[in-house]
Amino acid sequence: MKKIKFQVVTLFPELIQSYLKDALLSKAITSGVLCVDVTDLRPFSDTKYKSVDDTVFGGGDGMLFKYKPLASALNSVHIFKKGNSDKKVVYLSPQGKPWNSSLAKEWSKSEEIILVCGRYAGVDQRFIHHFVDEEVSIGDYVLSGGELGALVMIESISRFIPGVLGDQASAAIDSFEDGLLEAPQFTKPQSEDGFTVPAVLVSGNHQKISEWQKKCAILTTLKKRPDLLARRKDINWPELQDFYKKMNPEEKTLLGLDGLLDTENK
Ligand SMILES: C[S@@+](CC[C@H](N)C(=O)[O-])C[C@H]1O[C@@H](n2cnc3c(N)ncnc32)[C@H](O)[C@@H]1O
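Residues numbered from 1 in each chain as written. Predicted model: local features only at pLDDT ≥ 70, side-chain atom pairs only at ≥ 80, totals over all residues. Heavy atoms only, no water.

A. Main features of the domain arrangement of the chain. Segmenting the chain into domains produces domain 1 (4-158) and domain 2 (173-254). In this structure, domain 1 and domain 2 have C-alpha centres spaced 39 Å apart. (Domains from an automatic or database assignment.)

B. Quick look at helix α6 (residues 147-158). With 12 residues, α6 ought to run about 16 Å at 1.5 Å a step, and its terminal C-alpha atoms sit 16 Å apart, in line with that. With respect to burial, α6 is a largely interior element, 9 of its 12 residues being buried. (Helix = DSSP H or I, 4+ residues; strand = E, 2+ residues; numbered from the N terminus. Expected span 1.5 Å × (residues − 1). Buried < 20%, exposed > 50% of the residue type's maximum accessible area, 1.4 Å probe, protein only.)

C. Geometry of the sheet that holds strand β5 (residues 87-98). Reading across from one edge, β2-β1-β6-β5-β7 is the order of the 5 strands in this open sheet, with parallel pairing throughout. The two strands at the open ends of the sheet, each matched to only one other strand, are β2 (34-40) and β7 (134-137). Between one strand axis and the next, the sheet turns by 30° as a mean value, whatever way the strands run. Judged from the 5 bridges that link them, β5 and β7 form a sheet pairing that is parallel. For Leu-92, the partnering residue across the bridge sits in β7 and is Val-136. Taken strand by strand, helix α3 (residues 67-77) contacts β1 (4-10), β2, β5 and β6 (112-116), and its axis lies near 160° from that of β6. Those strands touched by α6 are β1, β2, β5, β6 and β7, and its axis lies near 175° from that of β1. (Pairing = 2+ DSSP bridges. Axes fitted to C-alpha atoms, helices over the stretch in contact; angles between N-to-C directions. Contact = heavy atoms within 4.5 Å.)

D. Molecular detail of the site of the ligand. Of all residues adjacent to the ligand, which total 20 residues, the nearest are Tyr-91, Leu-92, Gln-95, Ala-121 and Tyr-141. In this structure, Ala-121 approaches the ligand through a main-chain N or O atom, which is 2.9 Å from a nitrogen atom. Interatomic distance of 3.0 Å between a backbone N/O atom of Gly-139 and a nitrogen atom of the ligand. About the coverage of the ligand: the protein hides 84% of its 590 Å² of free accessible area. Those elements that provide at least two residues to the shell around the ligand are β5 and β7. A total of 5 residues in the shell around the ligand trace back to one element, the largest contributor, which is β5. (Near = heavy atom within 4 Å. Polar contact = N/O pair within 3.5 Å; in protein donor to acceptor, adjacent residues only side chain to side chain. Areas by Shrake-Rupley, 256 points an atom, 1.4 Å probe, with all protein chains shown as cover.)

E. Seen up close, the side chain of Arg-232. The residue Arg-232 is located in the loop between α8 (206-224) and α9 (237-246) in this model. Reaching out from Arg-232, the side chain makes a polar contact with the backbone oxygen of Asp-178 at a distance of 2.5 Å. Non-local contacts of Arg-232, meaning those with residues more than four positions away in its chain, are made with Asp-178, Gly-179 and Leu-180.

F. Highlighting the state of the cysteines. Counted by the stated rule, this structure contains 0 disulfides. The closest cysteine sulfur to the non-disulfide-bonded Cys-35 is located on Cys-117, 16 Å from its own sulfur. Residue Cys-35 is classed as partly exposed on the basis of its relative accessible area of 28%. The class for Cys-117 is buried, based on a relative accessible area of 1%. (Disulfide = S-S within 2.5 Å.)

G. Inspection of the nonpolar core at higher detail. By size, the foremost hydrophobic cluster in this structure holds 27 residues, and its most contacted members are Phe-6, Trp-107, Leu-115, Met-153 and Ile-157. Of all the elements in the fold, those that place two or more residues in this core are β1, α2 (23-31), β2, β5, α4 (101-107), β6 and α6. Here this core takes 5 residues from α6, the largest share from any one element. Sequence-distant contacts of Phe-6, that is, excluding residues within four places in its chain, are made with Leu-34, Cys-35, Val-36, Asp-37, Ile-113, Leu-115, Ile-154, Ile-157 and Ser-158. Counting residues in each nonpolar core, the second largest holds 20 residues, with Cys-216, Ala-217, Leu-229 and Ile-235 among its members. (Core = buried A, V, L, I, M, F, W, Y, C linked by side-chain atoms within 4.5 Å.)

H. Local environment of a nonpolar patch on the surface. There is a patch of nonpolar side chains on the surface, built from Tyr-141, Leu-143 and Leu-148 and spanning about 290 Å² of accessible area. Looking at where Leu-148 falls in the secondary structure, it is placed in helix α6. For Leu-148, a relative accessible area of 53% corresponds to the exposed category. (Patch = residues over 30% accessible without salt bridge, like charges linked within 9 Å, V, L, I, M, F, W, Y side chains within 5 Å. Salt bridge = Lys/Arg side-chain N within 4 Å of Asp/Glu carboxyl O.)

I. Main features of unusual backbone geometry. Across the junction of Lys-188 and Pro-189, the peptide omega takes the value 0°, indicating a cis bond. Relative to the assigned elements, Pro-189 resides in the loop between α7 (168-171) and β8 (191-192). Of note in this structure, Lys-50 is not a glycine but carries a positive phi near 60°. By secondary structure assignment, the location of Lys-50 is in the loop between β2 and β3 (53-55). The residue Tyr-120 is not glycine, and still its phi comes out positive at about 55°. Along the chain, Tyr-120 turns up in the loop between β6 and α5 (125-131).

What follows is the structure, given as structure tokens:
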């Protein structure tokens, strides 16, 4: 059975622990496919008043996590070997590599990931230099701490571990699998408020349904995230244009695909 271990180093352990009570993750932890250990940074303070931060050399109002408490916390959870591909040390940082689904999938093959959450103005650069294998950012904005990033990483990676999701097959058509957004979906009843589910989805013809889903996934991606399609060479545009032309206008509107391939040059 594939297992993955996360070690989170944080000054606010309860932020991580409370989220881990979420049904899906706590079930995965109980069943043993996922292990998350949370290490409180505070006890690794080297001062009388248990502080872990200090002012920044060169000025500025902020405080930085000091090297020593971080280094001691890390040494307590990790037999240190930078560059060990099975055990990554990650510092959550707005300056890091942008996080995405393909990294989550790739990293789900790791044995152990140590996630270090900064706070205040960040951490002493010597810690990054000496310990950190990767810096990861969850978006181009600045948060007050790395805990949300750590949770984003844990949850997005865990979804790729067999046994974490109830229905692994449905995850295979989730957005970003195959580089596309997922096609629009519907549940019962078949008609609601004058809007009816596209006929093919209730036809019972699985091949037709899957072709429809694939084409609508491409169209949805083209509409919402054309950047994802920029380098794809495997899309049959004339066939897609033909499919789009044959869609009835109400369906195009319902699926949010109005005005998409109406020009001849697509
Ligand atoms: C206020 S931020 C520090 C930002 C830092 N002074 C800078 O400008 O690069 C405090 C902590 O939040 C976390 N953080 C903030 N934004 C993040 C992001 N976009 N992705 C991941 N972690 C982030 C980091 O752990 C960081 O140490």
